[in-house]
Amino acid sequence: MKTLIVHNSYQHQGGEDAVVEAEIALLRLHGSEVEVYRRHNDELQGMPHAKAAMHAIWSRQAASEVESLCSRYQPDVIHVHNTFPLISPSLYWMADRCRIPVVQTLHNFRFLCPQAMFLREGNICEDCLGKLPWRAVAHKCYRDSTVQSVVSVGMLAAHRTIGTYRNRITRFIALNDFCRNKFIAGGLPPERISIKPNFFVSQAVPQWDERNGGLFVGRLSHEKGLDVLSAAAQKLDVCGVRVVGDGPLEDEVRQVFQNNYLGFRPKQHVVELMQKALYLVAPSVCYENFPLVVVEAFASGTPVIASRHGSFAELVKDGVTGLLFTPGDADELAAKISWSEAHPEHMMRMGRAARVEYENKYTPERNYRILTGIYEQAMMQGYGESNAA
């Protein structure tokens, strides 16, 4: 099987970029031929705004470059991760002309929401779900900019109108049932949406001796719930949560957590910290599609204290592989952290259950079987409008 991976990388590398790299490595490890077409948002620096907007809606450059690559490489399937803003949905029309099936991973909610997270002014917002997203312009949902919101809304409206997403993509990959149901509510065809979670390569079976304290890993931003975690920490006499990451709330986090703020750390060090932590805290106020940090924690035998919404409510079994709390409720989060510190034996029991969950669902071997199965479905199903009915 010959696969062409297409991805528009972000300026600040995050979980989505990491997943793309992991899937490329996984396919090659199993002997699959893989070519990659990649654009990077660093290209936007110095690019005129009008040109950037044009690329987001319809990039002739990207379509031409991918078509040339397909002519040379002759892939059996094109697997698309992110096209925004430099590749654009023109890619799907090119693939249809070349009669190549397309698999699209739905890493975020950009097909349904111009802001991609269903988040407005710090709160969950589904005003555009299943509707033309004109409200996003009025609220300046994308980067608090009217102009950039117009571009994002224009791209969605144009390609919904001409049927790009429904008619030019062979199969979709949702990361869990919660996300699949949202995309169905937003108008994507349910019969063409498969579920494949993210995965993590675990290097060793974890140990549960001498674990202590909690850990947060991620971007220090509002949507990740850092202000909720900071408020919870200040309600505790002693907070043993260590924080790893960087972002716009760094100054606040440094002030609240002091020596427990560790800044940015390389992946291997993060894994070592997870393997020594009693629990991981994931207090996001936005819907998380599938936070890779949860799989990393489960692989490390570490239970997760998470917001009770979005994919967290599906991934974390309350009282079994972690604890759930009301999103944005700093008092309840503080209570869950306090209980966890007072009951380490319960948390270690949940950590063992989390490791079993990882072994049953999130290993690379299982993921490879699911991924190649979806590719085979796409190749049998066809391409373009032949599978749109």
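Right above here is the structure, for reference.
The structure contained in this document is the topic of the report that follows. (Residues numbered from 1 in each chain as written. Predicted model: local features only at pLDDT ≥ 70, side-chain atom pairs only at ≥ 80, totals over all residues. Heavy atoms only, no water.)

It is worth spelling out the overall build of the protein at this point. If you tally the helices and strands in the protein, you get 16 helices and 14 strands. Oriented by its inertia axes, the alpha-carbon framework of the protein measures out at about 60 × 45 × 35 Å. Out of the 389 residues in the protein, the part that is buried amounts to 56%. Taking as baseline every contact in the protein between residues at least 6 positions apart, the subset at least 24 positions apart corresponds to 70%. Per element, the accessible surface of the protein, about 16500 Å² overall, is 50% carbon and sulfur. Computing the positive centroid from 41 side-chain charges and the negative centroid from 42, the protein places the two 5 Å apart. (Helix = DSSP H or I, 4+ residues; strand = E, 2+ residues; numbered from the N terminus. Buried < 20%, exposed > 50% of the residue type's maximum accessible area, 1.4 Å probe, protein only. Contact = heavy atoms within 4.5 Å. Areas by Shrake-Rupley, 256 points an atom, 1.4 Å probe, with all protein chains shown as cover. Lys, Arg positive; Asp, Glu negative; His and termini not counted. Charge placed at Lys NZ, Arg CZ, Asp CG, Glu CD.)

Spatially, the six strands line up as an open sheet ordered E11-E10-E9-E12-E13-E14, and their pairing is parallel. Since the sheet does not close on itself, it has two edges, and those belong to strand E11 (261-263) and strand E14 (322-325), each with one partner. Each adjacent strand pair in this sheet contributes to an overall mean axis angle of 20 degrees, direction not counted. Examined bridge by bridge, strand E9 (residues 214-217) and strand E10 (residues 241-244) share four bridges and lie parallel to one another. (Pairing = 2+ DSSP bridges. Axes fitted to C-alpha atoms, helices over the stretch in contact; angles between N-to-C directions.)

Tallied over the entire structure, the rule returns zero disulfides. Cysteine Cys 70 shares no disulfide, and the gap to the nearest cysteine sulfur, in Cys 98, comes to 5.5 Å. Residue Cys 70 is classed as buried on the basis of its relative accessible area, which comes to 3%. The thiol of Cys 286 is not disulfide-bonded; the next cysteine sulfur, from Cys 113, is found 11 Å away. (Disulfide = S-S within 2.5 Å.)

Our focus in this paragraph is the packing of helix H9 (residues 226-234) against helix H14 (residues 330-342). At their nearest, the axes of H9 and H14 sit 8 Å apart, and the two run at 60 degrees to each other. Between H9 and H14, the angle falls in the class oblique. Crossing handedness for the pair H9 and H14: right-handed. In contact with Val 228, Leu 229, Ala 231 and Ala 232 of H9, H14 contributes Ala 330, Leu 333, Ala 334 and Ile 337. (Parallel < 35°, antiparallel > 145°, perpendicular 65-115°, else oblique. Left-handed = near helix turned anticlockwise from the far one by under 90°.)

Another point: the nonpolar core. Across soluble globular proteins, nonpolar side chains have a tendency to be buried as a group. In terms of nonpolar packing, the biggest core is built from 42 residues, with Ile 78, Phe 111 and Phe 183 touching the most fellow members. In terms of residues, this core owes the most to one element, helix H3 (residues 60-73), which gives six residues. Residues contacting Phe 183, with those up to four places away along its chain left out, are Leu 106, Asn 108, Phe 109, Phe 111, Leu 112, Leu 188 and Ile 193. (Core = buried A, V, L, I, M, F, W, Y, C linked by side-chain atoms within 4.5 Å.)

This next bit is on the pattern of salt bridges. Across all of its chains, the model carries 14 salt bridges by this definition. Lys 235 serves as the salt-bridge partner of Asp 331, at 3.1 Å between the closest nitrogen and oxygen. A residue pair is termed long-range when its members are at least 10 positions apart, and Asp 331 in helix H14 and Lys 235 in the loop between H9 and E10 qualify at 96 residues. Among the ionic pairs, Glu 357 bridges to Lys 361, the shortest N-O distance being 2.9 Å. Note that Glu 357 and Lys 361 are positioned in helix H15 (residues 344-361) at a spacing of four residues, about one turn of the helix. (Salt bridge = Lys/Arg side-chain N within 4 Å of Asp/Glu carboxyl O.)

Moving on, we come to helix H4 (residues 90-97). The element H4 is largely enclosed, with a buried count of seven among its eight residues. Next to the buried residues of H4 lie strand E1 (2-9), H3, strand E3 (77-82), strand E4 (102-105), helix H6 (146-161) and helix H7 (164-167). Count one or two residues on from H4 and you reach Arg 99, which has phi positive near 60 degrees.

Turning next to the environment of Ala 378. Turning to its location among the elements, Ala 378 is positioned in helix H16 (residues 364-381). For Ala 378, a relative accessible area of 0% translates into the label buried. Sequence separation of Ala 378 and Cys 70 is 308 residues, and the distance between their C-alpha atoms is 17 Å. Not counting residues up to four positions away in its chain, the partners in contact with Ala 378 are Pro 101, Val 103, Thr 170 and Arg 171.

Looking now at the packing of aromatic side chains. The full count for this structure, using the stated rule, is ten aromatic pairs. Measuring from centroid to centroid gives 5.7 Å for Phe 84 and Tyr 142, while their planes differ by 85 degrees, and the two rings are edge-to-face. Pair noted here: Phe 84 is in the loop between E3 and H4 and Tyr 142 is in the loop between helix H5 (135-138) and H6, with a separation of 58 residues, a long-range link. Look at Phe 109 and Tyr 287: their rings are 6.5 Å apart centre to centre, the planes differ by 70 degrees, and that puts the pair in the edge-to-face class. (Phe/Tyr/Trp six-rings, centres within 6.5 Å; stacked < 30°, edge-to-face > 60°.)

For the rest of this paragraph, the subject is the sheet that holds strand E7 (residues 171-174). The strands making up a sheet associate through hydrogen bonds between their backbones, and the pairing can be parallel or antiparallel. Across the sheet, six strands lie side by side as E2-E1-E3-E4-E7-E8; this open sheet has parallel pairing. Each having just a single partner strand, strand E2 (33-40) and strand E8 (193-195) make up the two edges of the open sheet. Strand-to-strand twist of the sheet, defined as the mean angle between neighbouring strand axes without regard to direction, takes the value 20 degrees. As paired elements, E3 and E4 share three bridges and run parallel to each other. From the neighbouring strand, Ile 78 faces E4, where its bridge partner is Val 102.

What follows concerns the pairing of E14. Side chains of E14 alternate between two faces, with Gly 322 and Leu 324 and Leu 323 and Phe 325 buried alike. The pairing of strand E13 (residues 304-307) with E14 spans four bridges and is classified as parallel. Among the inter-strand pairings, Ser 307 is bridged to a residue of E14, identified as Phe 325.

Within the secondary structure layout, Thr 170 lies in the loop between H7 and E7. A relative accessible area of 1% places Thr 170 in the buried class. Side-chain polar atoms of Thr 170 contact the backbone nitrogen of Val 102, separated by 2.9 Å. (Polar contact = N/O pair within 3.5 Å; in protein donor to acceptor, adjacent residues only side chain to side chain.)

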